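# Results of the structural survey
In case you want the letters, here they are:
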Amino acid sequence: MSSPKMLKLSEVLAELDMSRAAFYRMRARGLGPRVVRLPNHQIRIRRADLDNWLSQQEERLAA
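Rules behind the numbers
- Residues numbered from 1 in each chain as written.
- Predicted model: local features only at pLDDT ≥ 70, side-chain atom pairs only at ≥ 80, totals over all residues.
- Heavy atoms only, no water.
- Phe/Tyr/Trp six-rings, centres within 6.5 Å; stacked < 30°, edge-to-face > 60°.
- Pairing = 2+ DSSP bridges.
- Helix = DSSP H or I, 4+ residues; strand = E, 2+ residues; numbered from the N terminus.
- Contact = heavy atoms within 4.5 Å.
- Axes fitted to C-alpha atoms, helices over the stretch in contact; angles between N-to-C directions.

On to the packing of aromatic side chains, then. This model, assessed by the stated rule, comprises one aromatic pair. On the basis of an interplanar angle of 80 degrees and a centroid distance of 6.0 Å, the ring pair of Phe-23 and Tyr-24 is categorised as edge-to-face.

Rendered as C-alpha cells:
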C-alpha cells in the first residue's frame, strides 16, 4: 500500500489560486483544509483532505 499523496503548500496555493497570506487567514478562522505539520515546521496537505475540503465548500455554497 502506498502512502497518501502529500502536497506542498505552494502546490495547494497554485491549485486554489490563493495567496499564502489569504490561506493563513482562512486557517486562522478555522476554515481551511486539514494540514500536516512536519518536524521541520513545513506544512503538507493530503490530497484526499484537500479534495474533501473542496467538496464541502461546493456543498456549502450550493445550500
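A few words now on the pairing of strand β3 (residues 43-46). With three bridges joining them, strand β1 (residues 6-8) and β3 adopt antiparallel strand pairing. Pairing of Lys-8 across the sheet is with Arg-44, part of β3. With two bridges joining them, strand β2 (residues 36-37) and β3 adopt antiparallel strand pairing. Counted as the bridge partner of Arg-37 is Ile-43 from β3. Between β2 and β3, which pair antiparallel in sequence order, lie five residues; one of them, His-41, sits at a positive phi of approximately 75 degrees.

Within a beta sheet, neighbouring strands are joined by backbone hydrogen bonds and run either parallel or antiparallel to one another. Taking strand neighbours across the sheet as the criterion, the three strands line up as β1-β3-β2 in an open arrangement whose pairing is antiparallel. Strand pairing shows two members of the sheet lacking a second neighbour, β1 and β2, which therefore form its edges. Sheet contacts for helix α1 (residues 9-16): β1 and β3; angle to β1, the most-contacted strand, approximately 80 degrees. Here helix α3 (residues 47-62) sits on the sheet and contacts β1 and β3; the angle it forms with β3, its principal contact strand, is near 65 degrees.

Function cannot be inferred from these measures alone, as they are strictly geometric.
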